[in-house]
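The primary structure of each chain is shown beneath.
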Amino acid sequence: MNSQQVKDLDKKYIGVFKRYDVVFERGHGSTLIDKEGNKYVDFFSGISVNNLGYANRAINAAIIKQLGNYTHLSNCFYSEPQVKLAQALCENSFGARVYFANTGAEANEGAMKFAKKWAMLHKERAYKIITFYNSFHGRTLAALTATGQEKFHKILNPMYPGISYAKFNDLKDVESKITTDTCAIMVEPIQAEGGIYTPAPGFLKGLRELCDRNNILLIFDEVQSGMGRTGKLFAYQKYGVKPDVMTIAKSIGGGLPLAAYIVAEEHADVYAFGDHGTTMGGNPAACAAGLVLFNTVKKPVFLKSVERKGACIMKRLKKIKNPDIEEIRGAGLLIGVQMKKGAQDIVDKALAAGLVINVTGHEVLRIEPPLNISGADIDKGLRILEKLL
Ligand SMILES: Cc1ncc(COP(=O)(O)O)c(C=O)c1O
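The shown structure was predicted, so the numbers you read here are calculated from the model rather than taken from an experiment.

A word on the pattern of salt bridges
A full pass over the atoms with the stated rule returns 24 salt bridges. Where Arg19 meets Asp10, a salt bridge forms, and the shortest distance between an N and an O atom there is 2.8 Å. When the shortest N-O distance is used, the salt bridge between Asp379 and Arg316 registers 2.8 Å. Linking Asp379 in helix H13 (residues 375-388) with Arg316 in helix H11 (residues 300-318), this pair joins segments that are 63 residues apart in sequence. For Asp379, a relative accessible area of 23% puts it in the partly exposed group. By sharing partners, the salt bridges in this structure join Arg316, Asp379, Arg383 and Glu386 into a single network.

Rendered as structure tokens:
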């Protein structure tokens, strides 16, 4: 098919996405190539899914090997790729137990349901969950209600019950929302979709203290900030605050659909047989791919390189003199350039010039390249961006 044929046929897809005006055919490393053979530097990585770039040989080899054994196996059976990944996740985090799902929204739904079961055992009649304004937790009904952005709530009628919102980075406001019915606080350590807002010093620690004092579970949504994105394996390690439950997704399947929530040892027995389940969650090929990705990303030398690349990009961006730039913020390779006005035109011009970039929250240019991007590709992408800004 040529590009136009693909675009024409796309009318068969329910139009909930505004597509970029390009049809990509393939990719390698941090490069995407369109149907016409034009090359693009990728500062997008499928919104933090392709953390080791495109066509990664080790990931592909693990997937192909697993496909030769079995593509799917019911969760009624033991699965070697699954247990290996669960072990790796527990050994490298605060966690003691892992549950596998398919998407970030599903992991967050699972974590919220887990909190309700925990409350049944430890905090009778508590069922309410506090989340944050400007957060993003996914598109399913409870996850979207948990998402503290009104623009997503218009078609949610009625909303999922028991969820209220507090101001991010405002402990007093959080405290004012806590009642005896509160069973959990769910927060992104870095608000990503909302515009790359990092936590103020002491905010996450303060949340931990509030939760401990009031017998409340602390859930970190690390769907976007996890898996090395910030220069730490998980963002909670950057801020030195352990949650009770953490959700991860996006790159954990090495590009295949996979998500998980991880729970601390003291909550290991909250769920009993039959409390939760899934047909597809924890797909063996996705777990095999995820293990390769995880074993690469977890290496201290790799994480250091993410930190270094992030610092280098940040430094170059801060040198750009443009009165429309309000702020540049982020951590590791999760960087936002806050513009004073809508930034979609910069995204479109960047694409035409060979750089794939994204805008979030309408005015924030998001820079989220594959974590293994080369210095040369960073330079290529930044030159385009510097020119446009
Ligand atoms: C922090 C966060 N949580 C949850 C989600 C939802 O993940 P998914 O699209 O896989 O359902 C996203 C997606 O961008 C996210 O950034």
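Notes on the site of the ligand
Taken together, 13 residues sit near the ligand, with Gly104, Ala105, Asp221, Gln224 and Lys250 positioned nearest. In this structure, an oxygen atom belonging to the ligand sits 2.8 Å away from a main-chain N or O atom of Ala105. One of the backbone nitrogen or oxygen atoms of Phe136 is found 3.3 Å away from a nitrogen atom of the ligand. Computed on the free molecule, the ligand has an accessible area of 390 Å², of which 82% lies beneath the protein chains in the complex. Here the shell around the ligand takes three residues from helix H5 (residues 104-122), the largest share from any one element. Split into classes, the residues belonging to the shell around the ligand amount to three nonpolar, six polar and four charged.

Brief notes about the sheet that holds strand S11 (residues 325-331)
One open sheet holds the four strands; their spatial order is S11-S12-S15-S14, and the pairing between them is antiparallel. A single partner strand is all that each edge strand has here, and the edge strands are S11 and strand S14 (358-360). Looking at each pair of strands side by side, their axes are set apart by 30 degrees on average, direction ignored. Here S11 runs beside strand S12 (residues 334-339); their pairing, made up of six bridges, is antiparallel. Directly across from Ile325, in S12, lies its bridge partner Met339. Sitting on the sheet, helix H12 (residues 344-353) touches S12, S14 and strand S15 (364-367), and the angle it makes with S14 is about 165 degrees.

Calculation rules
- Residues take numbers from 1 onward in each chain, read along the sequence in its written order.
- Note on the predicted model: pLDDT of at least 70 is required for a residue's local features to be given, and 80 or more for side-chain atom pairs to be given and counted; whole-chain, interface and lining totals, by contrast, use all residues.
- Side-chain numbers come from the whole structure's heavy atoms, not from hydrogens or water.
- Every case where a carboxyl oxygen of Asp or Glu lies within 4 Å of a side-chain nitrogen of Lys or Arg is listed as a salt bridge.
- The helix count covers DSSP runs of H or I at least four residues long, the strand count covers runs of E at least two residues long, and both are numbered beginning at the N terminus.
- Only protein chains enter the accessibility calculation, which uses a 1.4 Å probe; a residue is then buried when its area is under 20% of its type maximum, exposed when over 50%, and partly exposed in between.
- Note on terminology: near, applied to a residue and a molecule or strand, indicates that one of the residue's heavy atoms is within 4 Å of it.
- Polar contacts, as used here, are pairs of N or O atoms within 3.5 Å; protein pairs need one atom able to donate a hydrogen and one able to accept it. Residues neighboring in sequence count only if both atoms are side-chain atoms.
- The method behind every accessible area is Shrake-Rupley, applied with a 1.4 Å probe, and residues are considered shielded solely by the protein chains displayed.
- All residues other than Ala, Val, Leu, Ile, Met, Phe, Trp, Tyr, Cys, Pro, Asp, Glu, Lys and Arg, Gly among them, are scored as polar; the first ten of these are nonpolar and the last four charged.
- At least two DSSP bridges between two strands are needed for those strands to be called paired.
- Every axis in this analysis is a line fitted to C-alpha atoms, fitted for helices over the stretch in contact. Angles between the N-to-C directions lie between 0 and 180 degrees.
- For this analysis, residues touch if any pair of their heavy atoms sits within 4.5 Å.

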